[in-house]
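Coordinate analysis (summary)
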Number of protein chains: 2
Amino acid sequence: MDGTKGEVAGPLQREGIDSGDEFIVFLPDGDGSPGLPARTRVRICVGQGTACPREAYATVYVGRCGGAAGIGVSESLWHALAPRAGEWAMVKRTPPPASMAWVRATMHGHALPPEAMREVVRDIAARRYSPIETAAFVAASAHGNLASREVAALTHALIESGFRLAWPGRHAIDKHCIGGLPGNRTTPIVVAIAASLGITMPKASSRAITSAAGTADVMETMAPVVMDAARMRRVVEQENGCVVWSGGLGFAPADDRLIRAQRELDVNAPAHIVASVLAKKVACGASSVLIDIPVGPTAKVRTREEAEVLVDLFAQVADDVGLAVRTLVTDGTHPVGCGIGPALEARDVLAVLHGDAEAPTDLRERSVQVAAAVLMLSGRYTSEIAAREAANHALTSGMARARFEGICLAQGGMREPPRARCVQVVHATSNALVRGFDCRMLARLARLAGAPEFPEAGVRLRVRPGDRVEPGQPLLELHGPSMGSIESAAGYAAVQSDLVRLDHKEGAVV
Amino acid sequence: MDGTKGEVAGPLQREGIDSGDEFIVFLPDGDGSPGLPARTRVRICVGQGTACPREAYATVYVGRCGGAAGIGVSESLWHALAPRAGEWAMVKRTPPPASMAWVRATMHGHALPPEAMREVVRDIAARRYSPIETAAFVAASAHGNLASREVAALTHALIESGFRLAWPGRHAIDKHCIGGLPGNRTTPIVVAIAASLGITMPKASSRAITSAAGTADVMETMAPVVMDAARMRRVVEQENGCVVWSGGLGFAPADDRLIRAQRELDVNAPAHIVASVLAKKVACGASSVLIDIPVGPTAKVRTREEAEVLVDLFAQVADDVGLAVRTLVTDGTHPVGCGIGPALEARDVLAVLHGDAEAPTDLRERSVQVAAAVLMLSGRYTSEIAAREAANHALTSGMARARFEGICLAQGGMREPPRARCVQVVHATSNALVRGFDCRMLARLARLAGAPEFPEAGVRLRVRPGDRVEPGQPLLELHGPSMGSIESAAGYAAVQSDLVRLDHKEGAVV
């Protein structure tokens, strides 16, 4: 065993250490340590020469539990290699991926040829990139100067890195909301409306990245969302629509990794948003996409100018990848509905579908607006008035509700969203007029309360902009799994004076 | 112990796992796992309320050796916290550093105010940034559009993040070579010449980053280089000069971390080079700096245009930080000297200082050229002719050699550079004219042979550009600690037909 060659072999051992999605190889210290110092990048191969060879790229740490011999691996790597008992692994130093040259070119501001993105994305999909290399690509490609041609190349590369669905004989429509607007959970309602009217909407949604809930999290409180593409297809063939988790489908694995790196860096560049969204829509088999971009001072997109950048980039790249796209720039000033957090938003969705008297009217109105746009995209409705009427009728008649129940049952069964064990009310302390909320702070508040890890956690608004409040009147409720999480959230709320924007001058009771 | 608060305390345990410079906290799995999932960023505090509280920022992994309780830490973190026996640690979830907002602003192409760089660098120096966040800063700031004002701000921030030396009553001169030119090891010779002529040259050099040897590595084969600032000062007060390792001095700790990240990404942007070099020169107490920029098709700087970018940026930033700077743009077409690798280059240095007949003339000539420029910078010589004469005389008379020996003894003792256990010769296979070498491939070859980890390893050239060779004639020697490393290097050499550029048409013996 020659250490200077940077190579070692041995029986694979499960170290029992969870390092998240980062692949770690633990090599023995001392004499067993074969010239592969900590932080070396290696290629680990299992089952060479068998019918099922597997390989992965990992980072070396030195030291084994109990000083054992053999090759230790972290949990995620163990699962990726799926070794049989006693199987041997070969570990060898590996050079940085050649495609990192493209990442460096981007760092230095050079434009990239189309094959560059393809090679980078292919390597990221193959988990060839270390978390640091992925972060460098994200940082370098976040630059506003990335030409639409390069964003299109990135989009194509993302599509090619995974597999694609097709819906023969159907015109599949998709929708996406840029996000940052708490409670704006129109998707399940829109899908139900559209599907009940014969429109195909095979919706694959994500979990929360930096927000308090993703559509997949909200839907999951009402029905199973984790399924493979075959199962998803059966739901859609039966009900015209579905709302499932995109992660279970194997689309664009590179996209998941990029999103994870973007989340760690809290980056949300237009280039990334457009490439990721459109790649997933194409992978889902959509021909047409509706993009909802809420604009507001505390939403993700803060100005109309920023929105225009996105609208233009979406249009250019969609054209390049063969998607028909329509963007709606909507009002993102205020949160939508009452609930923020998976289960709390689910209750708002159900209230709208059931036509409950206390269903949030803003959520209902936005859902009708978006559904109408989807109906127009389908080509079956040529006037907005007719489309709105049809959408409205689907709700009031109960057709959408029935279709939603059908979708839930087809996805594996409908259930009631969970309720939080602990609820604490935050009250007004003086007379005031509610001017509005800081949407970003609301999302952070819901996360502190425990969303989305605890689906029952979050925030429930008890007032709307324009309401007048008196001392002692509930402003909002904190829902959480324990008093600890509630205290954490309450502490944050206490120091964020702008979370609920109260106008005390205007608040005096007349 | 409320898991959702993201906080846990327990006795500190040394896990015995070396994760390099990345700080890892290992938390117990199962009931002990307190809502701090793998990859969470945390702040770990030890000795709160005592006279000596310590803290660090780390990443969580879940799982402990043998399922133990308590807080496990990786080796580097254990050393950083330096806990007493049985000391308790508190671990708490920590938000991303606020200064990351500046990194994101850079990612999106916005210019930064001066305090931005200060905050980012301060956080990096305090090890607040995860490796991923550091990589993002490196990638975002590598962009060619970073204004000279921002590079100056980065330089100031790097200086402020560490401590500075001063040389009262002395005019300290420093030099730096951009690198990428194998064997261009002029520094020890230049320092010896200048110091023997009464010029103060307190040289703090780095180890190899991406090359086969750094000046600190080469010097270390001849004398100790690891010392603190007080020791360095004593050497300089006694001998006028020194060549020590900058890493032992505590300058600009943020710079070390940035360099490490740049190395992992193989990035070498002008902004980083200029900021890092000038910050270290100011920290070293220099008033004047000579910068040598070798330009050649296979050097680090490939064209005169690239060199001009560096020359301009050096001039602007040096002016901002109060350094007098002079740049020499030199010929980087061919490697210098015979040896590539710490000990092999040291032998060339000693041969020049000793005036040996077989000393490489190109290394001698370049050293005289650089030394003359240093002598001019000092102000003591006003004509280049006089400066060259003085430099030449210092060599031929043995004054420089004696001063070099004095420096080595003052640094702790002079020793003979080690010799490699295994040497293999690569021969020519036909008649040819040697046109030149690919400098980057030569460096890679030397690294494969084992440099700089094995100081005796590397490459020794047996021919120079312009030589004619016959079949069987030695082209170069591979030096390594074992046949395994030699084979690794030989394999690379065999497939790189451009490593030694041979012209077979011109090679025929007349």
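Small disclaimer: the values here were computed from a predicted structure and weren't measured.

1. Topic: the environment of A:Arg468
With respect to the helices, strands and loops of the structure, A:Arg468 is situated in strand 16 (residues 468-469). Taking the C-alpha atoms as reference points, A:Arg468 and A:Asp503, separated by 35 residues in sequence, lie 9.3 Å from one another.

2. Section: the interface of chain B and chain A
Contacts between chain B and chain A engage 47 residues on the former and 48 residues on the latter. Summing both partners gives a buried area of about 3900 Å² for chain B against chain A, and 59% of it is carried by carbon and sulfur. The tally of links between chain B and chain A comes to 7 salt bridges. A:Arg39 serves as the salt-bridge partner of B:Glu264, at 2.7 Å between the closest nitrogen and oxygen. The interface formed by chain B and chain A includes 12 residue pairs in polar contact (both at pLDDT 80 or more). Elements represented by at least two residues in the side of chain B that touches chain A include exactly strand 2 (24-27), strand 4 (54-62), helix 2 (100-107), helix 4 (131-141), helix 9 (253-265) and helix 17 (483-495) of chain B. Here the element with the most residues in the side of chain B that touches chain A is helix 4 of chain B; it accounts for 7 residues.

3. What to know about the environment of A:Leu146
Residues and elements named next belong to chain A. Inspection of the secondary structure assignment puts Leu146 in the loop between helix 4 (131-141) and helix 5 (148-161). Given a relative accessible area of 11%, Leu146 falls into the buried group. Along the backbone, Leu146 and Thr106 are 40 residues apart, and their C-alpha atoms lie at a distance of 8.7 Å. Those residues within four positions of Leu146 in sequence are excluded, and the remaining contacts are Thr106, Met117, Ser141, Val151 and Ala271.

4. Side note on the domain arrangement of chain A
Residue and element names in this part refer to chain A. Assigned domains of chain A: these are domain 1 (2-93), domain 2 (100-160), domain 3 (173-249 + 284-410) and domain 4 (422-503). Here the C-alpha centroids of domain 2 and domain 3 sit 30 Å apart. Here domain 2 and domain 3 share an interface that buries about 450 Å² over both sides, 75% of which is from carbon and sulfur atoms. Taken as a group, Ser148, Ala152 and His156 account for 64% of the area that domain 2 buries against domain 3, more than any other trio of residues on that side.

5. Digging into unusual backbone geometry
With an omega of -5°, the peptide bond running from A:Ala451 to A:Pro452 counts as cis. Tracing the chain through its elements places A:Pro452 in the loop between helix 16 (439-449) and strand 15 (458-461). The residue A:Arg39 is not glycine, and still its phi comes out positive at about 85°. Topologically, A:Arg39 is positioned in the loop between strand 2 (24-27) and strand 3 (41-46). A residue is classified by how much of its surface remains accessible, and A:Arg39, at 15% relative accessible area, is buried. In this structure, B:Asp266 is a non-glycine residue whose phi angle is positive, near 60°. Looking at where B:Asp266 falls in the secondary structure, it is placed in the loop between helix 9 and helix 10 (270-283).

6. Focus on the relation of the copies chain B and chain A
Here chain B sits on chain A after a turn of 179° about the axis and a move of 0.1 Å along it, with an RMSD of 0.1 Å. Taken together, the rotation and translation describe the operation of a two-fold axis. Of the residues that chain B buries at the interface, 100% are likewise interface residues in chain A, meaning the two copies contact each other through the same surface.

7. A closer look at the UniProt feature "domain: Pyrimidine nucleoside phosphorylase C-terminal" (unreviewed entry) in chain A
Residues given the UniProt feature "domain: Pyrimidine nucleoside phosphorylase C-terminal" (unreviewed entry) here are residues 433-500 of chain A. Strand forms 28% of residues 433-500 of chain A and helix 35%; the C-alpha atoms that close the span are 10 Å apart.

8. Comments concerning a negative patch on the surface
Together, A:Glu305, A:Glu306, A:Glu308 and A:Asp312 make up a negatively charged patch on the protein surface. The topology assignment puts A:Glu308 in helix 11 (residues 304-321).

9. Quick word on the packing of helix 6 (residues 187-196) of chain B against helix 15 (residues 399-410) of chain B
Residue and element names in this part refer to chain B. Running from N to C, helix 6 and helix 15 cross one another at 105°; their axes reach a closest spacing of 8 Å. In terms of orientation, helix 6 lies roughly perpendicular with respect to helix 15. Contacts between helix 6 and helix 15 involve Pro188, Val191, Ala192, Ile193, Ala195 and Ser196 from the former and Met399, Ala400, Arg403, Phe404 and Ile407 from the latter. Of the residues that constitute the contact of helix 6 with helix 15, the class distribution is 9 nonpolar, 1 polar and 1 charged.

10. Describing the state of the cysteines
A covalent bond between the sulfur atoms of two cysteines is referred to as a disulfide. Inspection of every chain in the model, using the stated rule, returns 1 disulfide over all chains. Sulfur-sulfur distance for the disulfide between A:Cys65 and B:Cys65 comes to 2.2 Å. Because the sign of the S-S torsion sets the handedness, a value of about -75° for the bond joining A:Cys65 and B:Cys65 places this disulfide among the left-handed ones. One end of the pair, A:Cys65, is in the loop between strand 4 (54-62) and strand 5 (71-73); the other, B:Cys65, is in the loop between strand 4 and strand 5 (71-73), on a second chain. Of the cysteine sulfurs around A:Cys284, a residue in no disulfide, the closest is that of A:Cys242, at 7.3 Å.

11. What to know about the environment of A:Thr59
Residues and elements named next belong to chain A. Here Thr59 lies in strand 4. With a relative accessible area of 5%, Thr59 lands in the buried category. Sequence separation of Thr59 and Thr94 is 35 residues, and the distance between their C-alpha atoms is 10.0 Å. Not counting the four nearest positions on each side in its chain, Thr59 is found in contact with Glu22, Phe23, Ile24, Val25, Arg39, Thr40 and Arg41.

12. Let's talk about the sheet that holds strand 1 (residues 7-14) of chain A
All names here are of chain A. Strand order in the closed barrel made by the 6 strands is 1-5-2-4-3-6, with mixed pairing throughout. Taken pair by pair, the neighbouring strands of this sheet meet at an average axis angle of 45°, ignoring direction. Note: strand 1 against strand 6 (residues 88-93), 5 bridges, orientation antiparallel. Each bridged residue has a counterpart across the sheet, and for Gly10 the counterpart in strand 6 is Ala89.

13. Overview of the side chain of A:Glu150
All names here are of chain A. Relative to the elements of secondary structure, Glu150 occurs in helix 5. There is no salt bridge for the buried Glu150, and the closest opposite charge comes from Arg149, which lies 5.1 Å off by N-O distance. A polar atom in the side chain of Glu150 sits 2.7 Å from the backbone nitrogen of Leu112.

Procedures and definitions
- Residues numbered from 1 in each chain as written.
- Chains lettered and ligands numbered in written order.
- Predicted model: local features only at pLDDT ≥ 70, side-chain atom pairs only at ≥ 80, totals over all residues.
- Heavy atoms only, no water.
- Helix = DSSP H or I, 4+ residues; strand = E, 2+ residues; numbered from the N terminus.
- Contact = heavy atoms within 4.5 Å.
- Buried area = accessible area lost by both parts, 1.4 Å probe.
- Salt bridge = Lys/Arg side-chain N within 4 Å of Asp/Glu carboxyl O.
- Polar contact = N/O pair within 3.5 Å; in protein donor to acceptor, adjacent residues only side chain to side chain.
- Buried < 20%, exposed > 50% of the residue type's maximum accessible area, 1.4 Å probe, protein only.
- Domains from an automatic or database assignment.
- Least-squares fit on C-alpha atoms with pLDDT ≥ 70 in both.
- UniProt positions renumbered as here; feature names shortened; annotations may be inferred.
- Patch = residues over 30% accessible without salt bridge, like charges linked within 9 Å, V, L, I, M, F, W, Y side chains within 5 Å.
- Areas by Shrake-Rupley, 256 points an atom, 1.4 Å probe, with all protein chains shown as cover.
- Lys, Arg positive; Asp, Glu negative; His and termini not counted.
- Charge placed at Lys NZ, Arg CZ, Asp CG, Glu CD.
- Axes fitted to C-alpha atoms, helices over the stretch in contact; angles between N-to-C directions.
- Parallel < 35°, antiparallel > 145°, perpendicular 65-115°, else oblique.
- Nonpolar A, V, L, I, M, F, W, Y, C, P; charged D, E, K, R; others polar.
- Disulfide = S-S within 2.5 Å.
- Pairing = 2+ DSSP bridges.

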